[in-house]
Amino acid sequence: MPAVVLDGEDRFRYANPAAELFFQLSFPTLATIRLADLLPEDSRLLALLRQVRQHEAPVSDHDLALESPRLHRRGVTAHGAPLPEMPGGVVLTLQDGSTAQMMNRQLNFLGAARGASAMAEMLAHEVKNPLSGIRGAAQLLEQSSLDEGDRELCQLIQDEADRIRGLVDRMDMFSDRPVELGPVNIHQVLDHVRRVAQTGFAAHLRILVDYDPSLPQVWGNRDQLVQILLNLVKNAAEAVDPVAGEIVLSTAYHHGVRIAVPGSRDRVHLPLQVSVRDNGPGIPEPVRATLFEPFVTTKRGGQGLGLALVAKLVADQGGLIECDSRPGRTAFRLSLAMPPAAVRRPEAAPRAAERGTGPRAKSR
């Protein structure tokens, strides 16, 4: 649980690893600022601190929204208690309701992926065989018909049969096949995705990188990670302004991210975070809750399978995906595991200079 110690001026004197994750800032950075620098003046959390000091007694508040350009948390429960050893000091603990919401969403994503897998198997069995018969019959009719209008209708039947078969083939990507996992240098994957994007669909956009060069390898499947990130970058490229659009690929290490695996008593550590962020208009609020479900899309002509496939592939890696979106900023974040100790390499991932990525942030 995130916990911090604040002095009488609301400066950070201590922050545990969970608090660093909550505020998305390291303690050395937090130690240089005040809590008021992260929140608006009328924040209920700042009012809670004033009440703790005024009454010299513990105070709690629930369902807080901590909204600012630097912080975006909702459903937060805060507990503040005076610290007698420090005049004006307060021990503040924060329970992030959005974490539970994220886990609920992740379970929904897994359920959606399983539902899509079952649908893929059903479609492959029940649709492909009769579809081949329909297309073959249309070909025979086209060959035997002398009327131009009839031949056009036969060609239309064949085209539609091909279109439906293509959709079924795309759904087949959701089938539950065994996935081979191993140590993967995520920066090499991101650099590959960036090169593919900038030589194709994102050639007109700025793609920046913000890598943690000491990040260890992730435990995953390289080909699937490329597919996941290419899909996210392509979505970002389609969402941003063609002239002022910008995409940022970043990595970071966060302590304390542990989740309970559905169907198991084990808790998995997911400290490696990969983010694809854009400055587009954001995702409409009504769509966000079902964003990773099959056939949900905001694109004209889209089929709504891209993000559903991403959710399944991330689950296959043993990771989590979440989306944080508001006007001007949308970020998809992957939380991934490190390789098991038995196969973990002692060396860290190559430094940015060794990978040819240059400084910590680089633009096209």
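Residues numbered from 1 in each chain as written. Predicted model: local features only at pLDDT ≥ 70, side-chain atom pairs only at ≥ 80, totals over all residues. Heavy atoms only, no water.

## Comments concerning the overall build of the protein
Here's step 1: A count of helical and extended segments in the protein gives 11 helices and 15 strands.
Here's step 2: Across the 364 residues of the protein, 43% fall into the buried class.
Here's step 3: Sequence-distant contacts, at least 24 apart, represent 65% of the contacts inside the protein between residues at least 6 apart.
Here's step 4: By element, 54% of the accessible surface of the protein is carried by carbon and sulfur atoms, the whole surface being about 18,700 Å². (Helix = DSSP H or I, 4+ residues; strand = E, 2+ residues; numbered from the N terminus. Buried < 20%, exposed > 50% of the residue type's maximum accessible area, 1.4 Å probe, protein only. Contact = heavy atoms within 4.5 Å. Areas by Shrake-Rupley, 256 points an atom, 1.4 Å probe, with all protein chains shown as cover.)

## Overview of the packing of aromatic side chains
Here's step 1: What the rule picks out here adds up to two aromatic pairs.
Here's step 2: For the pair F12 and F23, a centre-to-centre distance of 5.5 Å together with 75 degrees between the ring planes defines the contact as edge-to-face. Here F23 lies in helix α1 (residues 17–23) and F12 lies in strand β2 (residues 12–15), a separation of 11 residues in the sequence. The exposure classification of F12 matches that of F23, with both residues buried.
Here's step 3: Here the aromatic rings of F22 and F23 are separated by 5.0 Å at their centres, their planes lie at 80 degrees, and the arrangement is edge-to-face.
Here's step 4: Assessed through its relative accessible area of 3%, F22 is described here as buried.
Here's step 5: On the basis of relative accessibility, which here comes to 3%, the residue F23 falls in the buried class.
Here's step 6: Grouped by ring-pair contacts, the aromatic residues F12, F22 and F23 constitute a single cluster.
Here's step 7: The ring centre of F22 lies 4.9 Å from the NZ or CZ of R73, which sits over that ring. (Phe/Tyr/Trp six-rings, centres within 6.5 Å; stacked < 30°, edge-to-face > 60°. Lys NZ or Arg CZ within 6 Å of the ring centre and 35° of its normal.)

## Observations regarding the nonpolar core
If you look at soluble globular proteins, the nonpolar side chains tend to sit buried side by side.
Here's step 1: Counting residues in hydrophobic clusters, the biggest one holds 42 residues, and the most contacted among them are I186, L229, I247 and L334.
Here's step 2: Those residues in contact with I186 that lie beyond four places of it in its chain are L215, V218, L225, L229, T251 and V274.
Here's step 3: With 27 residues, the next largest nonpolar core counts I33, L38, V52 and V76 among its residues. (Core = buried A, V, L, I, M, F, W, Y, C linked by side-chain atoms within 4.5 Å.)

## So, the pairing of strand β4 (residues 71–82)
Here's step 1: The sheet contact formed by strand β3 (residues 59–68) and β4 spans seven bridges and is antiparallel. Looking across to β4, one finds that L64 is bridged to V76.
Here's step 2: As consecutive antiparallel partners, β3 and β4 are separated by two residues. (Pairing = 2+ DSSP bridges.)

## A short note on the confidence of the model for the protein
As a note on interpretation, predicted positions should not be read in detail where pLDDT is low.
Here's step 1: Taken residue by residue, the protein gives an average pLDDT of 78. The fraction at 70 or more is 72%.
Here's step 2: The low-confidence segment residues 300–304, where pLDDT is below 50, has nine contacts with residues more than four positions distant or belonging to other chains.
Here's step 3: Scored below 50 in pLDDT, residues 346–364 makes 42 contacts in the model with residues more than four places away or belonging to other chains. (pLDDT = per-residue confidence, 0-100.)

## Examining the environment of S68
Here's step 1: Inspection of the secondary structure assignment puts S68 in strand β3.
Here's step 2: Accessibility expressed as a relative area gives 15% for S68, which makes it buried.
Here's step 3: Aside from chain neighbours lying at most four places away, what touches S68 is L38, L39, P40 and R326.

## Concerning helix α7 (residues 186–198)
Here's step 1: Here α7 spans 18 Å end to end across 13 residues, near enough to the 18 Å set by a 1.5 Å rise per residue.
Here's step 2: I186, H187, V189, L190, D191, V193, R194, A197 and Q198 are the residues of α7 that are buried.
Here's step 3: Structurally, the start of α7 carries an N-cap: the backbone nitrogen of H187 is 3.0 Å from a side-chain oxygen of N185. (Expected span 1.5 Å × (residues − 1). Polar contact = N/O pair within 3.5 Å; in protein donor to acceptor, adjacent residues only side chain to side chain.)

## A look at the pattern of salt bridges
Here's step 1: Tallied over the entire structure, the rule returns 12 salt bridges.
Here's step 2: For the salt bridge of R53 with D10, the shortest nitrogen-to-oxygen distance reads 2.5 Å. Placement of the pair is R53 in helix α3 (residues 44–55) and D10 in the loop between β1 (3–6) and β2, with a sequence separation of 43 residues.
Here's step 3: A relative accessible area of 25% means that R53 is categorised as partly exposed.
Here's step 4: Salt bridges sharing common partners tie together D324, R326 and R329. (Salt bridge = Lys/Arg side-chain N within 4 Å of Asp/Glu carboxyl O.)

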